[in-house]
Structures are given as structure tokens and as C-alpha cells.
Amino acid sequence: MVSEHSPPPPKVCEVVKDEKEWAGDKEEEEYQGPPREAKWWYSAFHTVTAMVGAGVLSLPNAMAYLGWGPGTFVLVLSWCITLFTIWQMIELHEIVPGGTRFDRYYQLGQHAFGRKLGPWVVLPQQLIVQVGCDIVYMVTGGKCLKKFMEIACTECTRLKQSYWICIFGSIHLFLSQLPNFNSVAGVSLAAAIMSLSYSTISWVACLSKGQVDNVSYGYKQTTPADNMFRVFNALGQISFAFAGHAVVLEIQATIPSTPGKPSKVPMWKGARMAYFITAICYFPVAMIGYWAFGQDVEDNLLLALKRPEWLIAAANMMVVIHVIGSYQVYAMPVFDMIENIFVKRLKFQRGFPLRLVTRTTYVGLTLFFGVTFPFFGDLLGFFGGFGFAPTSYFLPCIMWLAIKKPSKFSRSWFINWGCIVVGMFIMFASTIGGLRNIIIDSSTYSFYS
């Protein structure tokens, strides 16, 4: 029996029809992606890997521009808003009765905004997040690999940073050939463990080191205009730290679902665990890192720590392992989309040859941009505002309002509109701040150094 609140059948038909069109010809309609065999803990460590990434190391730097009160408030508010929006996406995954599952962000966008408009609303934002993350992780992996070798081998020949980014990128030429999400589960688990480990090492090392001489918690002495743009960029750095929403539906798609136990039950359990781990990573690093270095903290906390050398070297290698997994988690949906387009439009056959060409090209492009624009903090702010704020802060709320249609001025209506207003402010402010800082910093940077 269909209740009066069920979505109208034509809408469902449109989504299913478009999904078949996206997949391509008749033969491709049978392609269902990776098997749905994941458990709740898969969702936990995939989400941790996607979220607790390079952004955690820049949180003390964001605090330096925002200050104790505003910085703490924005960090707590972001944690609460994004936990709420990830719950919304989990709930909307199977909002249509009858077994239809929105395994891709764009498919949910089609249901909310229509078959033609939906992909244009969702896909650009999602791709900015996924590709942006992969570019930043190229930079992070290369920098931390360079730092590890400088500490571990003081007698070795010093290589340019660009070379280390290329070495890190070459790892993904091999890992990118793994076929799907399930095949990178081991890499993702190792990455999640590493993220918790190096975050703990970072704040424990700061506690052990204590405060630097003449530590200051005042705002950095810059011009009012520059300070404003740096504050905007700091908002983007924080929003970058909450980036798991771009792949949450793809993660949930790997979990089996039955009428008695829908996928949202284990997925939400895993998401709660992931957010608990996120909290014990983010808040100590942000607070203690800022406490130790004050306004002079660097945009990558590990690069500021010098002692004990063996521990800092280990932490940098942990970051390298983590961003290897994070890169793959964000790249897998992009690989799937690119290959679907090749199969549909150019009639390619799925398999290793197609993966070799498309995925190697993608890795090469992200490597090129990472080597060319290695402005770690500025990239975090720019991508955090331009792509992460919409996908994590307010796009799920807009889709919730469009699909669920809560009563005007109800609690749900107020909460969603509040998240939309906050998210849009962060988007515009941090995009402007990040872009401006990239332009300023690039003027004094020696490219490919």
C-alpha cells in the first residue's frame, strides 16, 4: 500500500530512467558497481579516512586568525552542523519506498531538483570536493614525505619539494588500478588508524614541548584588509576539515539493506563512531597546537614540531599513509563516473585497459596541479569554501527541504535554514579569502622549487 506521504511514482520512474541512461546501453544497465557486503565498521573507517585528513593539521593555524573564542565556536558549530547534515544524507539514501537507493550524490540531487537540473546542482560541487581533496593530498603527502626523509636521513641528498610530490603521486599510479571501494578497504582502514595516531602524536608532542618563548594569542599584525581575508581563509580551512559528505552515499551504497534492517541503521552507527573519532582528533590538535605556538603556528602543525625527532618523523610517515588512503576514497567515485561516461559515449568495454588510461590520466592531472600550486593553507581555504561548504553544510539541508517539505517555522525548518545561512556565508567568505591568498602567495613563490 502506498501512503499519502509517498513520493509520486513518476518522480521515481524519472530517477530510475536517468540512472539507466547514465549507465549507457542495455548491457551497461546490468552493471551494479561493487557488491553490497560492507559492515557498519566499514562506514566508520571510510568516513574517518575521508574526513580526518590534511585539514586537521591546519586547525591551529585557523585558530591563530580567529582567536580562542571565535575559533572554538566555529569549530564546535561546524562539527554539529555537519553531523546533522550527514544524518540527513543517510536518511535520504532510501527515501523512496520499494528498494530504490540513491547510491550517488547526483542521483539524490535528481530526486530533489529534477532529472535535468539535479546533476548540474550537485555534480560540480561534488567534483570540486573530490578533485580538490586529491590535489591537496598530493601536496600534503609530498611535503610530509620530504619532512620524514630529512629527519630520518640527515646525510641524504636533499631533493626539491616538487620531486617528493611526484614520488608520492607515483604510488597512486598503482593503487588507482584497484577496481572499487571494497578493494581499497584495507588501505582505508590503515589510513583511519594513521589519522588517529598522528593527530594524537601532534597534540601530545605540543604538550610535551610546551609553549614557545614569548607566545602570543593576539591577532596577527597585518593590514585590516589582509587580516579580513586571512580570517575568511581560516573559515575555509575549518570547513575543509569536514569533507566526508561528498562520498557518504557512495560509502552507504556498499552496505546491504533489507526491509527489516535498512542500510541507514549500520551507516548511522558507523557515522557516529566516525564523528566521535573526529572530535578526539580535531579539538585537541586545534586547541593544544594553538596553545603551544600561538599566532606564529604554521599551516601544517607537524612541520612546526622538531622534537623528539623520531616521533615527529613517525607522525609524518603516518600522514603519508593516511593521505594515500584518503586520495583513493575520494578518487573512486570520480573513477566510476569517468568510466561510465567512456562506456556510454564511446562504447568502451569495462576492464583493466580502460582503468589504466582513465585513472592514470586523472592521477597525472592531480599531480600536475599539486606540484604547480603547493600552497597548503591557501588551497585548504579555497577548496573548503568553494566546494566543501555546499556539500557538507547546506546542500543536504536544501535537499531535505525539497524532499521532506517540513512545515514552515517548524523546528526542522528553522534548523535547516540556519545551516543554509551559515554554510553560504562560509562558502562566499572562504572562497574569496582563499583565492586572494593564493594570488598573493604565488607572487612570492618560486614555481617547481
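Residues numbered from 1 in each chain as written. Predicted model: local features only at pLDDT ≥ 70, side-chain atom pairs only at ≥ 80, totals over all residues. Heavy atoms only, no water.

### Some remarks on the overall build of the protein
Counting its secondary structure elements, the protein contains 17 helices and 0 strands. Every one of the 449 residues in the protein was classed for burial, and the buried ones make up 56%. Long-range contacts, defined here as pairs at least 24 residues apart, represent 86% of the contacts in the protein between residues at least 6 apart. In the structure as shown, the protein presents an accessible area of about 18900 Å², 67% of it carried by carbon and sulfur atoms. (Helix = DSSP H or I, 4+ residues; strand = E, 2+ residues; numbered from the N terminus. Buried < 20%, exposed > 50% of the residue type's maximum accessible area, 1.4 Å probe, protein only. Contact = heavy atoms within 4.5 Å. Areas by Shrake-Rupley, 256 points an atom, 1.4 Å probe, with all protein chains shown as cover.)

### Notes on helix α9 (residues 185–209)
Taking 1.5 Å per residue as the helical rise, α9 with its 25 residues ought to reach 36 Å, and the 36 Å between its terminal C-alpha atoms agrees with that figure. Turning to α9, its buried residues number three or more, namely A185, S188, A191, A192, M194, S195, Y198, S199, I201, S202, A205 and C206. Downstream of α9 by a residue or two, G210 has a phi angle that is positive, lying close to 80°. (Expected span 1.5 Å × (residues − 1).)

### Digging into the pattern of salt bridges
Considering all chains together, one arrives at 5 salt bridges under this definition. Of the charged contacts in the structure, one is a salt bridge between K264 and E91, with a shortest N-O distance of 3.4 Å. Of this pair, K264 sits in helix α12 (residues 264–293) while E91 is found in helix α5 (residues 68–92), placing the two residues 173 residues apart along the sequence. Note that R359 and E339 form a salt bridge whose closest N and O atoms lie 2.7 Å from each other. Here the residue R359 occupies a position in helix α15 (residues 352–372), and E339 occupies one in helix α14 (residues 309–346), the gap between them amounting to 20 residues. Judged by relative accessible area, E339 falls into the buried class, the value being 6%. In this structure, a network of salt bridges that share partners links the residues K146, E150 and R158. (Salt bridge = Lys/Arg side-chain N within 4 Å of Asp/Glu carboxyl O.)

### Looking at the UniProt feature "transmembrane region" (unreviewed entry) in the protein
UniProt feature "transmembrane region" (unreviewed entry): in the numbering of this structure it lies at residues 40–59, 71–90, 184–207, 273–293, 313–335, 356–376, 382–402 and 414–439. Between the end C-alpha atoms of residues 71–90 there is a gap of 29 Å, over a span that is 100% helix and 0% strand. Secondary structure content for residues 313–335 is 100% helix and 0% strand, while the C-alpha to C-alpha distance between its ends is 33 Å. (UniProt positions renumbered as here; feature names shortened; annotations may be inferred.)

### Some details on the nonpolar core
L59, I238, F242, Y282, F293, Y330 and Y393 are the most contacted members of the largest nonpolar core, which has 123 residues in total. In terms of residues, this core owes the most to one element, α14, which gives 18 residues. The residues touching F293, leaving out its near neighbours within four places in the chain, are C206, K209, V212, V215, L301, A304 and L305. (Core = buried A, V, L, I, M, F, W, Y, C linked by side-chain atoms within 4.5 Å.)

### A closer look at the packing of helix α3 (residues 40–51) against α14
Put simply, α3 and α14 touch, their axes get as near as 8 Å, and they point 105° apart. Taken as axis vectors, α3 and α14 run roughly perpendicular relative to one another. Contacts between α3 and α14 involve H46, V48, T49, A50 and M51 from the former and H322, G325, S326, V329 and Y330 from the latter. For the contact of α3 with α14, the per-class residue count stands at 5 nonpolar, 5 polar and no charged. (Axes fitted to C-alpha atoms, helices over the stretch in contact; angles between N-to-C directions. Parallel < 35°, antiparallel > 145°, perpendicular 65-115°, else oblique. Nonpolar A, V, L, I, M, F, W, Y, C, P; charged D, E, K, R; others polar.)

### A closer look at a nonpolar patch on the surface
Nonpolar side chains collect at one region of the surface, where L196, M273, F276 and I280 lie side by side and expose about 330 Å² of accessible area between them. Top element by residues in the nonpolar patch is α12. It accounts for 3 residues. Counting through the fold element by element, I280 comes out in helix α12. The partly exposed category is assigned to I280, whose relative accessible area is 35%. (Patch = residues over 30% accessible without salt bridge, like charges linked within 9 Å, V, L, I, M, F, W, Y side chains within 5 Å.)

### Here we look at the packing of helix α7 (residues 117–152) against α14
With their axes 8 Å apart at the nearest point, α7 and α14 run at an angle of 155° to one another. With respect to their mutual orientation, α7 and α14 come out roughly antiparallel. Our pair here, α7 against α14, has a crossing hand that is left-handed. Taken together, the residues of the contact of α7 with α14 sort by class into 22 nonpolar, 5 polar and 3 charged. (Left-handed = near helix turned anticlockwise from the far one by under 90°.)

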